[in-house]
Amino acid sequence: MDGFFDFLGNYWWLVFPFGGFIWAGIGGVGHYLERGRRERHELRMERLRLRHGVAPGAPVPTVGVASASAPAPDGAARELERVVAQHDAVSRRWLDHELDAAKVIDFPLMTDMREPLTRDFHRAKRKADALRPEEGDALDPTQVAEYRDAVERFEDAFEVALAEARRRAQHDFTDVERKRLQTARMLVGIAIDEAASSAERQSAYRRARAELDGLIVLPDATAADIEQRIAGSIERGTTTA
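Residues numbered from 1 in each chain as written. Predicted model: local features only at pLDDT ≥ 70, side-chain atom pairs only at ≥ 80, totals over all residues. Heavy atoms only, no water.

Chemist: Run through helix H9 (residues 198–212), naming residues and quoting values.
Modeler: Look at H9: 21 Å from first C-alpha to last across 15 residues, which is about the 21 Å you get at 1.5 Å a residue. Among the residues making up H9, those that are buried are Ser 198, Arg 201, Ala 204, Tyr 205, Ala 208 and Leu 212. Buried residues of H9 fall within an arc of 130 degrees about the axis and therefore sit on the same side. Across from the buried face of H9, at angles greater than 90 degrees, the exposed residues are Ala 199, Arg 206 and Ala 210. A positive phi of about 85 degrees marks Gly 214, the residue just after H9. (Helix = DSSP H or I, 4+ residues; strand = E, 2+ residues; numbered from the N terminus. Expected span 1.5 Å × (residues − 1). Buried < 20%, exposed > 50% of the residue type's maximum accessible area, 1.4 Å probe, protein only. Arc of directions from axis to C-beta.)

Chemist: A description of the pattern of salt bridges should follow, citing residues and the corresponding values.
Modeler: Throughout the structure, instances matching the rule amount to 17 salt bridges. Arg 132 is paired through a salt bridge with Asp 88; the nearest N and O atoms lie 2.8 Å apart. Taken together, the residues span a long stretch of sequence, with Arg 132 in the loop between helix H6 (116–131) and helix H7 (141–168) and Asp 88 in helix H4 (residues 73–98) at a distance of 44 residues. Between Arg 229 and Asp 225 there is a salt bridge, with the nearest N and O atoms lying 3.2 Å from each other. With Arg 229 and Asp 225 both in helix H10 (residues 220–240) and four residues apart, this pair spans about one turn of that helix. Judged by its relative accessible area of 36%, Arg 229 falls in the partly exposed class. For Asp 225, a relative accessible area of 18% puts it in the buried group. (Salt bridge = Lys/Arg side-chain N within 4 Å of Asp/Glu carboxyl O.)

Chemist: Can you tell me about the nonpolar core, naming the residues and giving the values?
Modeler: Considering soluble globular proteins, one finds that nonpolar side chains tend to be buried as a cluster. Met 110, Phe 121, Phe 154 and Phe 158 are the most contacted members of the largest nonpolar core, which totals 20 residues. Here this core gets ten residues from one element, more than from any other, and that element is H7. Setting aside residues no more than four positions away along its own chain, Phe 154 makes contact with His 87, Val 90, Ser 91, Phe 121, Ala 124, Lys 125 and Ala 128. Ala 101, Val 104, Ala 191 and Ala 208 belong to the second-largest nonpolar core, a separate cluster that totals 19 residues. (Core = buried A, V, L, I, M, F, W, Y, C linked by side-chain atoms within 4.5 Å. Contact = heavy atoms within 4.5 Å.)

Chemist: So, the environment of Ile 190: which residues are in play, and what are the values?
Modeler: Summarising the element assignment, Ile 190 is placed in helix H8 (residues 175–191). C-alpha of Ile 190 to C-alpha of Gln 202: the two residues are twelve residues apart in sequence and 9.1 Å apart in space. Once residues within four sequence positions are removed from consideration, Ile 190 is found in contact with Ala 196, Glu 200, Arg 201 and Ala 204.

Chemist: With reference to specific residues and values, describe the environment of Arg 168.
Modeler: Of note, Arg 168 is situated in helix H7. Each C-alpha atom, one on Arg 168 and one on Phe 107, is 7.8 Å from the other, the two residues being 61 residues apart in sequence.

Chemist: Please give an account of unusual backbone geometry that cites residues and values.
Modeler: The phi angle at Ala 169 is positive, at roughly 45 degrees, despite the residue not being glycine. With respect to the secondary-structure elements, Ala 169 resides in the loop between H7 and H8.

Chemist: Lay out the packing of aromatic side chains in plain terms, naming residues and giving numbers.
Modeler: The final tally for this structure, using the stated rule, is three aromatic pairs. Ring centres of Phe 121 and Phe 154 lie 5.9 Å apart, and the angle between their planes is 15 degrees; this geometry places the pair in the stacked category. With Phe 121 in helix H6 and Phe 154 in helix H7, the pair connects residues that are 33 residues apart, well separated along the chain. What makes Phe 121 buried here is its relative accessible area of 0%. Here the aromatic rings of Phe 121 and Phe 158 are separated by 5.4 Å at their centres, their planes lie at 55 degrees, and the arrangement is tilted. Here the residue Phe 121 occupies a position in helix H6, and Phe 158 occupies one in helix H7, the gap between them amounting to 37 residues. Here the aromatic residues Trp 94, Phe 121, Phe 154 and Phe 158 are joined through ring pairs into a cluster of three or more. (Phe/Tyr/Trp six-rings, centres within 6.5 Å; stacked < 30°, edge-to-face > 60°.)

Here is the structure:
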């Protein structure tokens, strides 16, 4: 240890050239992180430009600040109508996914509440749904702006969660588990096939649930939709008989 300090005492001047290399390296890392932050920000801004129909490179309309983005009173009703339509469109996309058992099996991340992106999406959906006015309700410009921002966050969260679900698909499962999922997917197809007999559909649905056990929990809405289809098939068969 004494020799090390003697070395530093004799060659203290080496601090200057090597210090320059060290600071240059730190500066390079900082520049790299800052560049990544700017690129992510620009991607976000470009998406907002596309949503608002703004030309590339043009200023993006302010989102999230009620005083700056609230519509004029005479335009609040039209803005509210537009936001409700946007809300409905995103909700339909989610419902199409939730009621499609094949999509639930192919992209299980979308219904896995252990995943942060999935929780964020459902949280944003609840907020937008809570702020949605009842038919005939009149909102002031500030309330319309708050509702609009919630719907846009709902749409953003849905897009992000869906993109991640498609990217990961069933990769988080083992080969054996993926085979079970594919078997369940085939059986679900039989369960909702109106050309199959009622007995075939019931049997296929029971077997599909068994294959999914411990892997994926079908959302209540998905299960209810399949069960209602099977029940309708049984009723039609009874009536025919």
